[in-house]
Structure formats: C-alpha cells, structure tokens
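Listed below, chain by chain, are the residues.
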Amino acid sequence: RHRELRKLLNPAFRIGAVHKYTADFERMANSLVDAFVERGSCDFVSEFAMPYPGEVFFRCFLGLDAERSVAPRRMVDSMLMDPANAAEAFTEFVPWCSEIVDERRRAEPRGDVLDAIVEGVDSGLLDSTDQFSALLTIIGAGIETTAMGLGNVAMHLAVDPELCERLRGADLSQACREFLRFEAPVPAMGRVATRDVELGGQLIKKGDRVVLYFGAANRDPRTWPETDRIDVSRPDVDRHLAFGIGPHRCLGLHVAELELVIATRTILERLPDLRLDPDESITWRTALTRGPSRLPLLFTPGRPVGAATA
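Structure report, in brief. (Residues numbered from 1 in each chain as written. Predicted model: local features only at pLDDT ≥ 70, side-chain atom pairs only at ≥ 80, totals over all residues. Heavy atoms only, no water.)

Things to note about the overall build of the chain
Helices and strands together make up the secondary structure of the chain, namely 13 helices and nine strands. Computed over the C-alpha atoms, the radius of gyration of the chain is 20 Å, within 12% of the 19 Å expected from 2.2 N^0.38 for a compact globule of 310 residues. Along the first, second and third principal axes, the C-alpha atoms of the chain reach 55 × 55 × 40 Å. Burial analysis of the chain (310 residues in total) assigns 46% to the buried set. Long-range contacts, defined as pairs at least 24 residues apart, comprise 69% of the intrachain contacts of the chain with a sequence gap of at least 6. In the form shown here, the chain has an accessible surface area of approximately 15700 Å², with 53% of it arising from carbon and sulfur atoms. The chain carries 38 positive and 47 negative side-chain charges, and their two centres are separated by 4 Å. (Helix = DSSP H or I, 4+ residues; strand = E, 2+ residues; numbered from the N terminus. Rg over C-alpha atoms; globule rule 2.2 N^0.38 Å. Buried < 20%, exposed > 50% of the residue type's maximum accessible area, 1.4 Å probe, protein only. Contact = heavy atoms within 4.5 Å. Areas by Shrake-Rupley, 256 points an atom, 1.4 Å probe, with all protein chains shown as cover. Lys, Arg positive; Asp, Glu negative; His and termini not counted. Charge placed at Lys NZ, Arg CZ, Asp CG, Glu CD.)

See the structure below:
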C-alpha cells in the first residue's frame, strides 16, 4: 500500500520537478525578507521560517495563492499542535480537501501534488479518507519540519559570525545537510518492532512500541568525528538520518533541501551582522519537532529588493 501511494506522489517531488521552481523559491524568500529588512529586527520564526515553506508548498505544489493558504495552514497547525481545537479544525479541513480536489479536477493539470491526488481518487486508489490523510500528512510535514530546520540554521548563524564567514565560500547544499545532521528538525519517530531483538543489553520484543532517535544517530561518533561540532565541509554528511531511511524516507526531502539552501543564501546576503536580540528570549518547540518557536534577531537594516527578483 505504501509503495502504491509513493509511486503516485513521487513524480511531483523528484529533484527535477522541484528545482524547476527555484526562481519561485528565491522570489518568495526575498519577498518575506523585504517585509522586515528595513526594520533591522525580526522574529525569524513567525516572519520567515513558518510562512516560507507554507507559501512554497501551497503556491508551487498545490497551485493555491497565499490568501487561500491561510485557513488550511491554521487548521493543520491546530490538528497537529493544539489538541483542544483539533476536532473543530478537522471538521473544517475535510470539506476543504474535497473542495480543492474537485476544483482541480475541473481545471487544467499542472503536474503537481494536487494532480497526483486527483489521479489517485479518480483511479480508485484513494478514497475520501485517503485524500484527506494524504493532504494532512504532506502539508503538516512540509511546513512544520522545514520551519524548525530554518529556525535552527538562523539561530546558529546568529550566534557564530565565523560560521557565517565560512559559509560565504562553502557549498551551501553540503552545509545545509550538516545543519540537518547537527540538529534534526524531527528528532524521533515511533515504530513497532517486527521481531525480538537485543539492543544495548535491552530485549525489545516483537510488537513493542519503540522510539527511534534520528537526532542521536546523527551524533554517532562511529560514523563521523567530532559530531558535536558544526563542520560545513564535513565529508559523507549526506549519510545523515534527518530525513529517515529506507522506504519511508521523507517524500519531500528535495523540497526541504532547496528551501534550506535558498533561505541560508538569502540570510547571508541580506541580513548582515545577524545576531540574537539580547533583550528578548528564544522559546523552543520540542514535541513532534525540535526548533525555535520564537527567534528574535537583530541585523543591519537593508533595502527591499522588490520586483528586482522577479
């Protein structure tokens, strides 16, 4: 079943399909920075890290404009992070899913995620529950996790000016993989043991619920030296497990990597002298994901670039 669903969705997330949106990713990143760059300060999470992956995903992979993405993003956040309002959000999200799938069925195909879901529904592979589950999973995974990754990168840049200098001449793709290794946005995942196994002197029985700590595996000294240090030129860093491993490896990893690279380049180019605001505090989100939920930063004010990036 999982293979069937991945086969349906994989084409929209292949590296070529993702990289055709590079200019759009860059334009969205610059537009968000334009909104606060003259101020010389921002809460990086609320003003960039959260809206950026949301805008990217809804515009490029669902074909919906920013205005139409506000309500579903609120619903998904409530279902994942706000148990008191999750049921109400669920009752809103289900008809929204049906509405956008029906709209796309009547529109011209774009070759994106929504087209894949329409194809799955029309072929009988997905029922109404499946289409809701697919959209909830993809939207939730595509926004929250990337936002935490972006916040982690910005925090490390803000506290380490020498790191910023090293990055200016570095391969940002490799550097962003090192950030993911060092601070996995999804530090752990639940699984069920399929057989009895002894690990570290502890017997795990078939059927036991276990938690796999990808964040800990990424600091394994048997794989890399000096694992508690950020090394943006670290060899073999693509072996990190922040995206998982095996058949369930993250579907949207190419989207996340491109977002991280473009965001990091944008920060380095447009937010000089980046630093933490000493009068404000950082707060953290440490449940399903790990990263700052509030990150107040200061920097030398700049000028908006506007349509120059179009």
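Further notes follow.
Considering the nonpolar core
Residues Phe25, Tyr52 and Phe93 are the most contacted members of the largest nonpolar core, which totals 86 residues. Broken down by element, the residue count for this core peaks at 15 residues, all from helix H9 (residues 128-159). Not counting residues within four places of it along the chain, the set of residues in contact with Phe25 comprises Val18, Tyr52, Val56, Cys60, Phe61, Val255, Leu258, Glu259 and Ile262. (Core = buried A, V, L, I, M, F, W, Y, C linked by side-chain atoms within 4.5 Å.)

With respect to empty space enclosed by the protein
It is the rolling of a water-molecule-sized probe over the atoms that shows where space remains empty. Here the structure, examined in full by the defined rule, presents one cavity of 30 Å³ or more. Considering only enclosed or pocket space, the largest cavity measures out at about 40 Å³ in volume. Ala12, Ala17, Lys20, Tyr21, Phe61, Gly111, Asp112 and Val113 are the residues that line the largest cavity. (1 Å grid on protein atoms, 1.4 Å probe; cavity = no way out; pocket = protein on both sides within 12 Å on 5 of 7 lines; lining within 4 Å. Points joined across faces, edges and corners; volume = space filled by probe spheres on them.)

Overview of the packing of aromatic side chains
One pass over the full model with this rule turns up 12 aromatic pairs. Look at Phe36 and Phe299: their rings are 6.0 Å apart centre to centre, the planes differ by 65°, and that puts the pair in the edge-to-face class. In this pair, Phe36 sits in the loop between helix H3 (22-34) and strand S1 (41-43) while Phe299 sits in the segment after strand S9 (296-298), placing the two residues 263 residues apart along the sequence. The class for Phe36 is buried, based on a relative accessible area of 1%. Here the aromatic rings of Phe44 and Phe48 are separated by 5.2 Å at their centres, their planes lie at 25°, and the arrangement is stacked. Of the two residues, Phe44 and Phe48 both sit in helix H4 (residues 44-49), four residues apart, roughly one turn of that helix. Among the aromatic residues, those joined into a cluster by ring pairs are Phe13, Tyr21, Phe25, Phe57, Phe58, Phe61, Phe90, Phe93, Trp96 and Phe132. Sitting over the face of the ring of Trp284, Arg290 holds its NZ or CZ atom 4.7 Å from the ring centroid. (Phe/Tyr/Trp six-rings, centres within 6.5 Å; stacked < 30°, edge-to-face > 60°. Lys NZ or Arg CZ within 6 Å of the ring centre and 35° of its normal.)

Considerations on the sheet that holds strand S6 (residues 275-276)
With antiparallel pairing, three strands are arranged side by side in an open sheet as S1-S9-S6. This sheet does not close on itself; its edge strands, each paired only once, are S1 and S6. (Pairing = 2+ DSSP bridges.)

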